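# A structural walkthrough
This is what each chain is made of:
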Amino acid sequence: MRSALKNFDLDVNARIDKQVAIKRPYTAQEKYQHMVAKNPQLDELRKRFNLDFD
């Protein structure tokens, strides 16, 4: 690029941003575990009322 433009004062800096992939819960089990991580009392409620998910 410097030789093509005949400008040797030209500096090129590249910046690479890292993107973190967020794993989204898809199955019922993953969704439940995600909700329990946010609110642990949900597990107690499920046990108290003898509930299950499909």
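Residues numbered from 1 in each chain as written. Predicted model: local features only at pLDDT ≥ 70, side-chain atom pairs only at ≥ 80, totals over all residues. Heavy atoms only, no water.

## Comments concerning the overall build of the chain
Helix and strand content of the chain: three helices and zero strands. Starting at the N terminus and ending at the C terminus, the chain contains elements arranged as α-α-α. Its C-alpha radius of gyration of 26 Å places the chain more than 25% over the 10 Å reference for a compact globule of 54 residues. Taken across its 54 residues, the chain has 4% of its residues classed as buried. Of the roughly 5900 Å² of accessible surface on the chain, a fraction of 53% belongs to carbon and sulfur atoms. A distance of 2 Å separates the average location of the 11 positive side-chain charges in the chain from that of its 8 negative side-chain charges. (Helix = DSSP H or I, 4+ residues; strand = E, 2+ residues; numbered from the N terminus. Rg over C-alpha atoms; globule rule 2.2 N^0.38 Å. Buried < 20%, exposed > 50% of the residue type's maximum accessible area, 1.4 Å probe, protein only. Areas by Shrake-Rupley, 256 points an atom, 1.4 Å probe, with all protein chains shown as cover. Lys, Arg positive; Asp, Glu negative; His and termini not counted. Charge placed at Lys NZ, Arg CZ, Asp CG, Glu CD.)

## Some details on unusual backbone geometry
In the Ramachandran plot, lysine 6 falls in the positive-phi region, its phi being about 55 degrees despite a non-glycine side chain. Following the sequence through the fold, lysine 6 ends up in the loop between α1 (2-5) and α2 (28-38). One non-glycine residue with positive phi stands out, namely asparagine 50, at about 55 degrees. Among the secondary structure elements, asparagine 50 is positioned in the segment after α3 (41-48).

## Re the pattern of salt bridges
What the rule picks out here adds up to four salt bridges. Residue aspartate 17 pairs with arginine 15 through a salt bridge whose shortest N-O separation is 3.3 Å. Considered together, aspartate 17 and arginine 15 belong to a single accessibility category, that of exposed residues. Here arginine 48 ties to glutamate 44 by a salt bridge, and the two come within 2.9 Å at their closest N and O atoms. Here glutamate 44 and arginine 48 lie together in helix α3, a separation of four residues that amounts to about one turn. (Salt bridge = Lys/Arg side-chain N within 4 Å of Asp/Glu carboxyl O.)

## Brief notes about the confidence of the model for the chain
Predicted confidence across the chain gives a mean pLDDT of 88, with 96% of residues reaching 70 or more. Mean pLDDT in the chain bottoms out at α1, which sits at 80, and peaks at α3, which reaches 94. (pLDDT = per-residue confidence, 0-100.)

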